[in-house]
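# Coordinate inspection notes
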Amino acid sequence: MPISLSPQDTMALWVTFKLAVISTTILLVLCAPAAWWLAHTRWRGKVVVEALVTLPLVLPPTVLGFYLLLLLGPRGWVGGTLESMGFNHLAFSFTGLVIGSMIYSLPFVMQPLTNAFQATGTRVLEVAATLRASPLDRFFTIVAPLARRGFLTAAVLSFAHTLGEFGVIIMVGGNIPGQTQVASIAIYDHVEAMDYQSAHALALILVILSFSLLLAVYGLNRKFKVVGVGS
Amino acid sequence: MSIQARFRLERGDFTLDVDLQIPGKGVTALFGRSGSGKTTILRCLAGLEHIEDARLQFNGDLWQDATFFLPVHQRPLGYVFQEASLFPHLNARNNLLYGFKRIPAGERRVKLDDVVTLLGLETLLDRYPDALSGGQRQRVAIGRALLTSPQLLLMDEPMASLDVTSKGEILPYLERLRDELSIPVVYVSHSIEEVARLADHMVLLEAGRALAQGPLQTLLTRTDLPLAHSEQASAVIEGTVAVHHAPDHLTELAFAGGSLLISRQQRAVGTPLRARILARDVSVALTRPDASSVLNALQVRISDISDDPQPGHVILNLDAGGQTLLARISLRSCRQLALEKGQILWAMVKGVAVT
């Protein structure tokens, strides 16, 4: 059975990857400082933040998607404000999808980063400070290299998780081909229409791509293996 | 006085309240038990701890007061932590060069080669921290701090986490540092042997307060302080190598109060040398003891007699040419010899530890 994709399916794959890359990148940038803070703060309210950050993990994606739809839609707090400022609301838009994916994948980025930062500890940073390294310098020359496995894990989990996203997207994004239709929804559509061959093609591509991605990452991870973070 | 520091802090049941004057050269030991505030003071000096009620001035430059705080990375200091804390992702060479690269080229007075030679790191440069022994790591950590050409070196019990062998390996290097560096060193320790070996100046800490601060020799022998009454009570004599008696495997150390014979030292004639003499190793006699196996007898004058916490004992302060020896003798001997202040007698020294 030759794998052939309709232009619409190719588009859906493209939207999926664009979504995964963009939301993972933004998440990593935003979560690095947040996870750093969470790993080292002694603030008592920390548990509330931890619970909130983990919430998307336990909530059904449809619940998440539903609230996001209300929030980002024309009558929602965010969407409404945007409309009154002359912009479009965010429901059924690619931007809306990115926001949804970011919230959906948040715990998958925060957890590995927080763990990695906790393992790094603060002593090496104190040492770096006494060696004249400014805070930003310390982050890039000490924290980032020591926590690189954490960053890698976070990126892979977030990327893979977004590839398989369904519930949030169908609620927030609708199913607009070329804009908000992603591969997982396209497969569902094909199955509904009894077009198993197209569903097969897309599904197989996703399996192969995901597997290759993980294979590459675990290979890299082995190579990256850093010596223990003791003294 | 090069460092003037006032730190006040209340944290739980711990209160720190010190006003310190630390000289601009030589090694100053912050000495006290654990919990006396030594490390906190060192961290405050470095700026690793930012306490509100503090004022700190270094060589006339303000580092901290009520409204100003110079961040750690802008202070020209080197800090050696208790554990070496090398960066695990960098090899020894790159650990050494981390700080070096971050100071302006014009300020790099200490070069990699100097440090490698001084600390014996020739064969270690390409190794990663997990392939180094405890003592080797600490040597790299010391070198790393020195390579920032610091104007002040802070050391927090750099030997505390090391076993006896590694300690023996590090100590000679620390002594070389003391002799070859022209910058002040503040050294935290709870080991009086280490302090007696390395320090010139001392701050005696107890429960967050400075009981006393001053020259090492003075504080060791002040009988109003706990040191002179401890089991390890001792005095330090500073002299120079006068002559080697090769056949007897002895070296003669000369000072204003006479000379001491010590075990053979590999030091050139004329170099300064320190000897530590424990109070319990000194006994006294009214006349010169000619028929005795004790090598060293010094003519001294009693400058003070004080009670010792050990029942039945007294501590004598003995002036030997301006330097002070301590002797712990029995109360009975003191009475029988009718010892009193100002009396001239002979001190017999049974053991000398060279430092």
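Residues numbered from 1 in each chain as written. Chains lettered and ligands numbered in written order. Predicted model: local features only at pLDDT ≥ 70, side-chain atom pairs only at ≥ 80, totals over all residues.

## A few points about the overall build of chain A
To keep things clear, this is the line we draw: Working definition: helices are DSSP H or I runs of at least four residues, strands are E runs of at least two. Numbering for both runs from the N terminus. In this scheme the burial state of a residue depends on its C-beta neighbours within 10 Å: 20 or more other such atoms mean buried, 12 or fewer mean exposed, and anything in between means partly exposed; the C-beta positions come from the backbone. What counts as a contact here is a pair of residues whose C-beta atoms, placed from the backbone, lie within 7 Å.
Helix and strand content of chain A: 11 helices and 0 strands. Reading the helices (α) and strands (β) of chain A from amino to carboxyl end gives α-α-α-α-α-α-α-α-α-α-α. With the principal axes as the frame, chain A shows a C-alpha extent of 65 × 50 × 30 Å. Counting across all 231 residues of chain A, residues that qualify as buried make up 37%. Once local pairs closer than 6 in sequence are excluded, the contacts in chain A between residues at least 24 apart make up 74%.

## As for the overall build of chain B
What counts here: Here the globule rule reads 2.2 Å times residues to the power 0.38, and the radius of gyration is calculated from C-alpha atoms.
In terms of helices and strands, chain B carries 8 helices and 20 strands. The C-alpha atoms of chain B give 22 Å as radius of gyration, which agrees with the globular expectation for 355 residues (20 Å, within 12%). On the principal axes, the C-alpha backbone points of chain B span a range of 65 × 50 × 35 Å. For chain B, with 355 residues in total, the buried portion stands at 40%. Look at the contacts in chain B between residues 6 or more apart in sequence, and 66% of them connect residues 24 or more apart.

## A short note on helix α1 (residues 38–46) of chain B
Since there are 3.6 residues in each turn of an α-helix, residues three or four apart along the chain are aligned in direction. Residues and elements named next belong to chain B. Across the 9 residues that make up α1, a large majority, 8, are buried. Taken as a whole, α1 has its buried residues at Lys38, Thr40, Ile41, Leu42, Arg43, Cys44, Leu45 and Ala46. Just beyond α1, the residue with positive phi is Gly47, at close to 90 degrees.

## Some words on the nonpolar core
Cut-off, in case you're wondering: To count as a nonpolar core, a set of buried Ala, Val, Leu, Ile, Met, Phe, Trp, Tyr and Cys residues must be joined through C-beta atoms within 7 Å. Note that domain bounds follow an automatic or database assignment of domains.
Core analysis: the largest hydrophobic core is formed by 151 residues, its most contacted members being A:Leu113, B:Leu154, B:Leu325 and B:Ala327. Ranked by residue count, the leading element in this core is helix α5 (residues 94–120) of chain A, at 13 residues. Both domains that furnish three or more residues to this core are identified here as domain 1 (3–229) and domain 2 (234–354) of chain B. Setting aside chain neighbours within four positions, we find B:Leu325 in contact with B:Ala235, B:Ile277, B:Val282, B:Val300, B:Leu318, B:Ala320 and B:Ala347.

## Description of the interface of chain A and chain B
Defined as follows: Note on residue classes: Ala, Val, Leu, Ile, Met, Phe, Trp, Tyr, Cys and Pro are nonpolar, Asp, Glu, Lys and Arg are charged, and everything else, Gly too, is polar.
If you look at the interface, chain A gives 19 residues, while chain B gives 25 residues. Contributing elements (two or more residues each) for the side of chain A that touches chain B: α6 (123–130) and α7 (135–146) of chain A. Take the side of chain A that touches chain B: its biggest share by element is 6 residues, from α6(A). Residue composition of the side of chain A that touches chain B, by class: 11 nonpolar, 5 polar and 3 charged.

## Let's talk about the domain arrangement of chain B
Residue and element names in this part refer to chain B. The domain boundaries assigned to chain B delineate domain 1 (3–229) and domain 2 (234–354). Computed from C-alpha coordinates alone, the two centres of domain 1 and domain 2 are separated by 32 Å. In this complex, domain 1 contributes 8 residues to the contact, which on the side of domain 2 involves 13 residues. Among the elements that line the side of domain 1 that touches domain 2, the one with the most residues is helix α7 (residues 216–221), at 4 residues. Broken down by class, the residue content of the side of domain 1 that touches domain 2 amounts to 4 nonpolar, 4 polar and no charged.

## Considering the confidence of the model for chain B
Detailed reading of the predicted coordinates is not advisable wherever pLDDT falls low. Condition: Values of pLDDT, ranging from 0 to 100, describe the predictor's confidence in every residue of the model.
Summary statistics for chain B give a mean pLDDT of 89 and a share of 99% for residues scoring 70 or more. Complex prediction metrics read pTM 0.81 and ipTM 0.82.

## Quick word on the sheet that holds strand β15 (residues 282–285) of chain B
All names here are of chain B. For clarity, the cut-off: One bridge is not enough; two strands pair if DSSP finds at least two bridges between them. Throughout, an axis means a line fitted to C-alpha atoms (over the contacting stretch in the case of helices), and angles, computed between N-to-C directions, take values from 0 to 180 degrees.
If you trace the 5 strands from one edge of the open sheet to the other, you get β15-β19-β16-β17-β18, paired in antiparallel fashion. Whereas interior strands pair on both sides, the edge strands pair on one side only; in this sheet they are β15 and β18 (323–330). Adjacent strand axes in the sheet meet at a mean angle of 45 degrees when their direction is disregarded. With 4 bridges connecting them, β15 and strand β19 (residues 344–349) associate as antiparallel partners.

## Let's talk about the sheet that holds strand β13 (residues 258–263) of chain B
All names here are of chain B. Strands sit in the order β13-β12-β11-β14-β20 across an open sheet of 5 strands; the sheet is antiparallel. The open sheet terminates on both sides in strands that have one partner only, identified here as β13 and β20 (353–354). Pairing geometry for strand β11 (residues 234–245) and strand β14 (residues 272–278), over 7 bridges, is antiparallel. Opposite Ser234, over in β14, you have Leu278 as the bridge partner.

## Let's talk about the confidence of the model for chain A
When pLDDT is averaged along chain A, the result is 87; 95% of the residues meet or exceed 70. The model gives residues 226–231 of chain A a pLDDT under 50, and that stretch makes 21 contacts with residues more than four places away or in other chains.

## A few points about the environment of B:Arg75
Residue and element names in this part refer to chain B. Relative to the elements of secondary structure, Arg75 occurs in the loop between β5 (61–64) and β6 (77–80). Judged by the 24 C-beta atoms lying within 10 Å of it, Arg75 is buried. For the pair formed by Arg75 and Leu118, sequence separation is 43 residues and the distance between their alpha carbons is 24 Å.

## Points about the packing of helix α2 (residues 46–58) of chain A against α5(A)
All names here are of chain A. Keep this limit in mind: What sets the label is the angle itself: under 35 degrees gives roughly parallel, over 145 gives roughly antiparallel, 65 to 115 gives roughly perpendicular, and the rest give oblique. Should the near helix be turned anticlockwise from the far one by less than a right angle, the crossing is termed left-handed; should it be turned clockwise, right-handed.
In contact at an axis separation of 7 Å, α2 and α5 are set at 120 degrees when each is read in the N-to-C sense. Overall, the two elements α2 and α5 adopt an arrangement that is oblique. Note that α2 runs across α5; the crossing there is left-handed. The segment α2 lies against α5, with Val53, Thr54, Pro56 and Leu57 engaging Ile103, Tyr104, Leu106, Pro107 and Met110. Here the contact of α2 with α5 is composed, by residue class, of 8 nonpolar, 1 polar and no charged.

## Description of unusual backbone geometry
Residues and elements named next belong to chain B. In this structure, Ser85 is a non-glycine residue whose phi angle is positive, near 50 degrees. Secondary-structure assignment places Ser85 in the loop between β6 and α2 (92–100). Phi angles above zero are rare outside glycine, and Ala338 is one such case at about 50 degrees. A tally of 8 C-beta atoms within 10 Å means that Ala338 is categorised as exposed.

## Observations regarding the pairing of strand β8 (residues 185–189) of chain B
Walk down a regular strand and you will see the side chains alternate between the two sheet faces. Residue and element names in this part refer to chain B. Test applied: By convention a crossover is right-handed if, when the strands point away from the viewer, the path from the first strand over the helix to the second runs clockwise.
Within β8, 5 of the 5 residues are buried, leaving the element largely enclosed by the surrounding structure. Going residue by residue along β8, you find Val185, Tyr187 and Ser189 tucked away on one face and Val186 and Val188 tucked away on the opposite face as well. The sheet contact formed by strand β3 (residues 27–31) and β8 spans 5 bridges and is parallel. Paired with Thr28 across the bridge in β8 is Val186. Running through helix α5 (residues 164–180), the crossover from strand β7 (residues 152–156) to the neighbouring parallel element β8 is right-handed.

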